[in-house]
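Architecture at a glance
Okay, here's what each chain looks like letter by letter:
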Amino acid sequence: MATFARPENALKRAEELINVSQKQEALEALHSFITSRRYRAWTRTHEKIMFKYVELCVEMRRGRHAKDGLIQYRGICQQVNITSLEEVIKHFMQLATEKAELARNQAQALEEALDIDDLEADKRPEDLMLSYVSGEKGKDRSDRELVTPWFKFLWETYRTVLEILRNNSRLEALYAMTAHRAFQFCKQYKRTTEFRRLCEIIRNHLANLNKYRDQRDRPDLTAPESLQLYLDTRFEQLKVATELELWQEAFRSVEDIHGLMCMVKKTPKSSLMVVYYSKLSEIFWVSSSHLYHAYAWLKLFTLQKNYNKNLNQKDLQLIASSVVLAALSVTPYDRSYGASHLELENEKERSLRVANLIAFDVESKPENREVLSRSSLLLDLVSKGVMNCVTQEVKDLYHTLEHEFLPLDLALKVQPLLAKISKLGGKLSSASSVPEVQLSQYVPSLEKITALRLLQQVSQVYQTMNIDSLSRIIPFFDFSIVEKISVDAIKNRFLAMKVDYRKGAIFFGNKSLESEGIRDHLSTFAVSLSTARVMIYPPVKKTSKLGETLSDLVEVVEKEHKRLLARKSIIEKRKEEQERQLLEMEREEEAKRLKLLKLTEEAEQRRLATEFEQMKNQRILREIEEREFEEAQALLQEAGKGSKKKGKKLVLEGEKITKQTLMELALSEQLREKQEMEKKLQKLAKTMDYLERAKREEAAPLIEAAFHQRLAEEESLHALEQQQEIDVSRQRHAGDLEEKRRLSRMSENQKVFQERVVSRRRAEYARLKGEREEKINQIIQSRKQEREAKRKMIYFLRSEEERQKRLREEEEARKLEEMERRKKEESERKAKLDEIAEKQRQRERELEEKERQRKEEILGRVSRAEPSAMARPVEAAPAAPVAIAAAAPTPGKYVPRFKRSAPEAAAQAPPPATDKWSGGSRIDDRAPPPGDRWRDDRKPAFGGSGGAPRSTTWSSSRPRG
């Protein structure tokens, strides 16, 4: 890979290669520069290099090189100058478009030239031969050779640019512009396959945008500008799809628009919604979905009436008439009869899906959806006032078909109305967003609806009718077409009739009898006989059996209902499981496809890199071989010239001449010539030596004589020149003396002028010197003032800084002193608390010792007491202090000594602290209930409900009240 010190060198090298018609090498040089990691900093030269690079790619139709280069350039200028990338891409697309147009024009010119080559001959012989051999015409062949390659390259250009610009918030406008140009390309040249691929590409880009939400520079669809660009692209896609008559792709475009708006939870502008519903109505009309077509027209009418204030009355009347005629064109029966459960479910889902598209509810819920039907549509037309805006002919047609009962005259009354309606319509004004309305398109459907209505009314009046009579009252169709219409109606249980060609009659009857009775007439006959027998001989009523039957019936109904519910839930679970499995399979297939695509791309890149290296090595080897061959030819020619000069000729085999053999031959020849030359030079040197010696011996006396003669001539010439110089000096001195005498008269004037000039210059110098000194003094004074002000400012700032520093130090010292004081107080308080706690613990120890001594004394006295005291009933109470308090002395009653001493000890002892298991630190000063003191002393109750509990360490630190 070629390396360049500066980007300008790469551009210069490419231009040099282009000038010598080596465009492939120039492209490779620029490609190596763009993909190199050394030149990742963007400069203006990078843009010039990219312009030259895309020009070479377009000229040589190298789409892959262009894509690779643009991706690398996007990484270079993404964060620096994104406008440069836009300019390069626009230039790239412009060049590709111009080349495609040029090729198309050349093909047309070539075809025209071929057409007018010979005006008398129908076809040229060569055209006939080519047509027999290839089966192609001249235009097809010229298109295949000239136009198709450039169209392929232009399509690849659009795909490359869309892939580079996708999901980038800084390049949204350019992405939308490229998509529009690609749509126009497909529309102009009728490229339906490319249009489908283009729609799929744009759809995948939006899906990836929602899938990878953490992507850098990701477009924000909630922003109004981004949303408008995406919407404009989808609506342009919808328009082009309808113009190319790709109705399936148009319907998918409608779903894309609806999905996009559901994604951002917003509704587009009314002008865009008019386009949406107009295209949707056109799609439904082509697909023969007349009900959905009528609903789309109703939405379009509502939008035009509510939002288009510039719409005139005539245009509004035409649109309303289209709505009513579209509603009347819907068949008056449902096609769900006889369908399977799966078909009904699919039809239900399809109806809900289309209703979602028509209603354009971005937050639709299943329970809020309306069921689309012909009857509800006609009610909406009346309730929303559409019938008040239609023409009189349409209004009469609606009244005739829906409200009048004319079995024999219905078709004759409708026919003139349809003739008038077919003449209505045309282009609307510029204020309307709908370009044209033609009511004649509804005439065939209305004729079919009229025939159905007539058959329905006739079947209600007549049981039998001749085929000829029916054909006369239905002038629209032949009887074969009427028969087809009636068969479809009978299939969907709208009519009940049969045709007997032998009798030439039509039989009308009850739908249930005719449809079901014909199939199983024996069972129907049996049921009728059983009914007649029951009516003649009514059975005896038995209440018990009826009750049992009813109870059994209720149970059967409940069981059947439960079974159906279970079956429905199983079906739904199976459907959900199947959908989940399908989604998983799709995800796995997508992952596999992406992995395979990635591996394929990597293999392709490796293959291209390997091929590039091989081609480069082969080219280098080929150049080396060519250079060696040229050098060998040059050596051969030189050797031939040398041999011709000497009268010798080289004898070599032309097939086996190589550079090595030629070099060896040339070296041997040069060595031989050198040896011969040395011998000749030695011989010539000896001859020249003898000749030179002889010449010097002869010339020595002649040289001596010439020297003496020259010496005498020079002496005489020197004397003559010296005398001439003396004469000239004398003449010059005499002239100078004469000039001095002439100029001596002006010496006084010269002195006066000199003194005047010197005095004036001295005065000017003194003035300038004074001004300079004054200016210097002013500058010195101003600088002194500035220094003084600066010095004062510095002094003020320093003093202020010192004051602030002093205040901070004082504040810190105060805080430190306060902290030390607090620490000291805290230590003193802690010491006091420790002292108080120690005293408290000492007091508690003393009290415990006294209590222990008291208990020992009490136990000793009790052991000596009389047995009668032991027989007293024990009161059921858990606390000993309460029993002691209950034994307090009363006047006039004997109290033992141990009972008298216990209250005194209890009165002297301070209130004990709470037990640590009691869950609090409060001192319980309530009197304990009376109880057995022996049991209390031996087994104190858990939780503080017994005798006086022991105080703990953590609770004893509190001061006693």
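Residues numbered from 1 in each chain as written. Predicted model: local features only at pLDDT ≥ 70, side-chain atom pairs only at ≥ 80, totals over all residues. Heavy atoms only, no water.

1. Notes on the overall build of the chain
- On a plain count of helices and strands, the chain comes out with 29 helices and five strands.
- Here the chain holds 961 residues, and the buried ones make up 29% of them.
- Relative to all contacts within the chain whose residues are 6 or more apart in sequence, the contacts with residues 24 or more apart total 73%.
- For the chain, the computed accessible surface area is about 66500 Å², with 54% contributed by carbon and sulfur atoms. (Helix = DSSP H or I, 4+ residues; strand = E, 2+ residues; numbered from the N terminus. Buried < 20%, exposed > 50% of the residue type's maximum accessible area, 1.4 Å probe, protein only. Contact = heavy atoms within 4.5 Å. Areas by Shrake-Rupley, 256 points an atom, 1.4 Å probe, with all protein chains shown as cover.)

2. Considering a negative patch on the surface
- Negative charge collects at one region of the surface, where Glu625, Glu626, Glu628 and Glu630 lie side by side.
- Of note, Glu628 is situated in helix H24 (residues 543-645). (Patch = residues over 30% accessible without salt bridge, like charges linked within 9 Å, V, L, I, M, F, W, Y side chains within 5 Å. Salt bridge = Lys/Arg side-chain N within 4 Å of Asp/Glu carboxyl O. Lys, Arg positive; Asp, Glu negative; His and termini not counted. Charge placed at Lys NZ, Arg CZ, Asp CG, Glu CD.)

3. Observations concerning the packing of aromatic side chains
- Scanning all chains against the criterion turns up 14 aromatic pairs.
- Geometrically, the ring pair formed by Trp150 and Phe153 is edge-to-face, given 6.0 Å between the ring centres and 90° between the ring planes. With Trp150 and Phe153 both in helix H7 (residues 138-165), this residue pair falls three residues apart, about one helical turn. There is no split in this pair, since Trp150 and Phe153 are both buried.
- The rings of Phe151, Tyr158, Phe185 and Tyr189 are connected pair by pair, giving a single aromatic cluster.
- The ring of Trp150 carries the charged tip of Arg61 above its face, separated from the ring centre by 5.0 Å.
- Directly above the aromatic system of Phe507 lies the positively charged group of Lys498, at a separation of 5.8 Å from the ring centroid. (Phe/Tyr/Trp six-rings, centres within 6.5 Å; stacked < 30°, edge-to-face > 60°. Lys NZ or Arg CZ within 6 Å of the ring centre and 35° of its normal.)

4. Points about the packing of helix H2 (residues 23-35) against helix H4 (residues 63-77)
- With their axes 9 Å apart at the nearest point, H2 and H4 run at an angle of 30° to one another. When the interaxial angle is binned, H2 and H4 end up roughly parallel. For H2 against H4, the interelement crossing comes out left-handed. The segment H2 lies against H4, with Leu27, His31, Ile34 and Thr35 engaging His65, Asp68, Gly69, Gln72 and Ile76.
- Among the residues forming the contact of H2 with H4, the class breakdown is three nonpolar, five polar and one charged. (Axes fitted to C-alpha atoms, helices over the stretch in contact; angles between N-to-C directions. Parallel < 35°, antiparallel > 145°, perpendicular 65-115°, else oblique. Left-handed = near helix turned anticlockwise from the far one by under 90°. Nonpolar A, V, L, I, M, F, W, Y, C, P; charged D, E, K, R; others polar.)

5. Structural notes on the pattern of salt bridges
- Tallying each qualifying case throughout the model produces 43 salt bridges.
- Note that Glu764 and Arg767 form a salt bridge whose closest N and O atoms lie 2.3 Å from each other. Of this pair, Glu764 and Arg767 both sit in helix H26 (residues 747-864), three residues apart, which is roughly one turn of that helix.
- Of the charged contacts, one joins Glu800 and Arg803 as a salt bridge, the two residues approaching to 2.5 Å between their closest N and O atoms. Taken as a pair, Glu800 and Arg803 lie in helix H26 at a separation of three residues, close to a single helical turn.
- Using a relative accessible area of 27% as the deciding quantity, one classes Glu800 as partly exposed.
- Taken together, the shared-partner salt bridges in this structure form one network comprising Glu200, Arg203, Glu249, Arg252 and Asp256.

6. Details of the environment of Glu436
- Within the fold, Glu436 resides in strand E2 (residues 436-438).
- Separated by 118 residues in the primary sequence, Glu436 and Leu318 have C-alpha atoms spaced 9.7 Å apart.
- With residues up to four places along the chain from it excluded, the contact list for Glu436 reads Gly426, Lys427 and Leu428.

7. Here's the deal with the confidence of the model for the chain
- With 77% of its residues at a pLDDT of 70 or more, the chain has an overall mean of 77.
- No element of the chain has a lower mean pLDDT than helix H27 (residues 880-886), which averages 39, and none a higher one than H26, which averages 91.
- Residue range residues 132-139 is modelled with pLDDT below 50. Its contacts to residues more than four positions away, or to other chains, number seven contacts.
- This stretch, residues 511-517, has a pLDDT under 50; its non-local contacts, to residues over four places away or in other chains, come to 13 contacts. (pLDDT = per-residue confidence, 0-100.)

8. Topic: the UniProt feature "coiled-coil region" (unreviewed entry) in the chain
- The positions that UniProt labels "coiled-coil region" (unreviewed entry) are, in the present scheme, residues 93-120, 561-602 and 667-697.
- With 100% helix and 0% strand, the stretch residues 667-697 has end C-alpha atoms that lie 45 Å from each other. (UniProt positions renumbered as here; feature names shortened; annotations may be inferred.)

9. Details of the sheet that holds strand E4 (residues 497-500)
- If you trace the three strands from one edge of the open sheet to the other, you get E3-E5-E4, paired in antiparallel fashion. Bordering the open sheet on either side are strand E3 (464-466) and E4, each of which pairs with just one other strand. This sheet shows a mean twist of 20° between the axes of neighbouring strands, independent of strand direction. (Pairing = 2+ DSSP bridges.)

10. As for unusual backbone geometry
- For Lys190, which is not a glycine, the phi torsion comes out positive at approximately 55°.
- Take Lys190: it is sitting in the loop between helix H8 (172-188) and helix H9 (192-211).
- Note on Lys190: relative accessible area 57%, which makes it exposed.
- Positioned with a positive phi, Glu245 is a non-glycine residue whose angle comes to about 60°.
- Assignment of secondary structure puts Glu245 in the loop between helix H10 (224-243) and helix H11 (247-264).

11. Details of the pairing of E4
- Summarising the sheet, E4 and strand E5 (residues 505-508) pair through four bridges and their orientation is antiparallel. Paired with Lys498 across the strands is Phe507, a residue of E5.
- As consecutive antiparallel partners, E4 and E5 are separated by four residues, and within that stretch Gly504 has a phi angle of approximately 70°, a positive value.

12. Details of helix H19 (residues 443-461)
- Look at H19: 27 Å from first C-alpha to last across 19 residues, which is about the 27 Å you get at 1.5 Å a residue.
- Along H19, 14 of the 19 residues are buried, which leaves the element largely enclosed by surrounding structure. (Expected span 1.5 Å × (residues − 1).)

13. Some points on the side chain of Gln457
- Its place among the elements puts Gln457 in helix H19.
- Using a relative accessible area of 6% as the deciding quantity, one classes Gln457 as buried.
- Apart from the residues within four sequence positions on either side, Gln457 is in contact with Glu404, Phe405, Leu406, Pro407 and Leu410.

14. Overview of the pairing of E5
- Both E3 and E5 contribute to a ladder of three bridges, which runs antiparallel. Following the sheet pairing, Met465 is matched in E5 by Ile506.

15. Digging into H9
- Under the 1.5 Å per step criterion, the end-to-end length of H9 is 29 Å for 20 residues, consistent within 8% with the ideal 28 Å.
- What H9 keeps buried is the set Glu194, Phe195, Leu198, Cys199, Ile201, Ile202, Arg203, His205, Leu206 and Leu209.

16. Quick word on a nonpolar patch on the surface
- There is a patch of nonpolar side chains on the surface, built from Met677, Leu681, Leu684, Met688 and Leu691 and spanning about 490 Å² of accessible area.
- As for its position among the elements, Leu684 is in helix H25 (residues 659-743).

17. Some details on a positive patch on the surface
- There is a patch of like positive charges on the surface, built from Arg64, Lys67, Arg159 and Arg197.
- Here Arg159 falls in the partly exposed class, since its relative accessible area comes to 41%.

18. Re the packing of H8 against H10
- Packing of H8 against H10 leaves a shortest axis separation of 10 Å and a crossing angle of 5°. The angle between the axes of H8 and H10 places the two elements in the roughly parallel class. Residues Glu172, Ala173, Ala176, Ala179, His180, Phe183, Gln184 and Lys187 of H8 touch H10, and the partners they reach there are Ser226, Leu229, Tyr230, Asp232, Thr233, Glu236, Gln237, Val240 and Glu243.
- The residue inventory of the contact of H8 with H10, partitioned by class, reads seven nonpolar, five polar and five charged.

19. A closer look at the environment of Thr661
- Within the secondary structure, Thr661 is located in helix H25.
- Spatially, the C-alpha atoms of Thr661 and Ala632 are 9.1 Å apart, while their sequence positions differ by 29 residues.

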